[in-house]
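# Observations on the model geometry
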Amino acid sequence: MPYTLAIFFFWGLAMALIGVGVGWLLRSVGVRARSGAAARETAEAAAADRWREQEAELHAALRERDRLRMELVDLRGGDVTTADDDSELQR
């Protein structure tokens, strides 16, 4: 009888250790997947912020260009042509 109880105890201990090992592996895989997704979201947010900043800089440059163009036209005393605007946008 003690032999049977000892074998039962050791098999139970072995199954518990295997269960802990498998659980730890599954947990580490899940954590790695979540951290990878978080890193991708962070990278995408940073890229979106850079695009927004570049767009704001572009709009500021376009406003400055238009202001200077109007000032140049006023100094020359001529009319503003829209053909230049369309050709620049197509480049």
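Only a predicted model underlies this, so the values are computations on that prediction, with no experimental measurement involved.

## Description of the overall build of the protein chain
- Secondary structure summary: the protein chain contains two helices and zero strands in total.
- Total accessible area on the protein chain stands at roughly 8,300 Å², and carbon and sulfur atoms take up 66% of it.

## Quick look at a nonpolar patch on the surface
- A cluster of nonpolar residues, Tyr3, Ile7, Trp11 and Met15, forms a patch on the protein surface that exposes about 530 Å² of accessible area.
- Tracing the backbone through its elements, the reader meets Met15 in helix H1 (residues 2-76).

## Concerning the pattern of salt bridges
- Taken as a whole and assessed by the stated rule, the structure comprises four salt bridges.
- Between Asp49 and Arg52 there is a salt bridge whose closest N-O contact spans 2.9 Å. Here Asp49 pairs with Arg52, and both are found in helix H1, just three residues apart, close to one helical turn.
- Exposure remark for Asp49: the relative accessible area of 41% places this residue in the partly exposed category.
- The partner of Glu64 in a salt bridge is Arg67, and the shortest N-O contact between them spans 2.7 Å. Linking Glu64 with Arg67, this pair stays in helix H1, spanning three residues, or about one helical turn.
- Beyond isolated ion pairs, a larger network of salt bridges with shared partners links Glu64, Arg67 and Glu71.

## Structural notes on H1
- Here H1 spans 110 Å end to end across 75 residues, near enough to the 111 Å set by a 1.5 Å rise per residue.
- Three or more residues of H1 are buried, namely Ser28, Arg69 and Val73.
- Positive backbone phi, approximately 80°, marks Gly77, located one or two places after H1.

The rules behind these values
- Per chain, residues are indexed from 1 in the order of the written sequence.
- With pLDDT at 70 or above as the cut-off, local features in this predicted model cover only qualifying residues; side-chain atom pairs require 80 or more to be listed or tallied, and sums for whole chains, interfaces and linings still use all residues.
- Side-chain measures here rest on the full set of heavy atoms in the structure, leaving out hydrogens and waters.
- Helix and strand assignments follow DSSP, with helices taken as H or I runs no shorter than four residues and strands as E runs no shorter than two, numbered in order from the N terminus.
- For every accessible area listed, the method is Shrake-Rupley and the probe measures 1.4 Å; residues are considered covered only by the protein chains on display.
- Candidate patch residues must exceed 30% relative accessible area and have no salt bridge, after which like charges are joined if within 9 Å and Val, Leu, Ile, Met, Phe, Trp or Tyr side chains if within 5 Å.
- Counted as salt bridges are all cases of a side-chain nitrogen of Lys or Arg within 4 Å of a carboxyl oxygen of Asp or Glu.
- A 1.4 Å probe rolled over the protein chains alone gives each residue an accessible area, and that area as a share of the maximum for its type sets the label: buried under 20%, exposed over 50%, partly exposed in between.
- Multiplying 1.5 Å by the helix residue count minus one yields the expected span of that helix.

Honestly, that's just the spatial picture; any functional story needs more than this.
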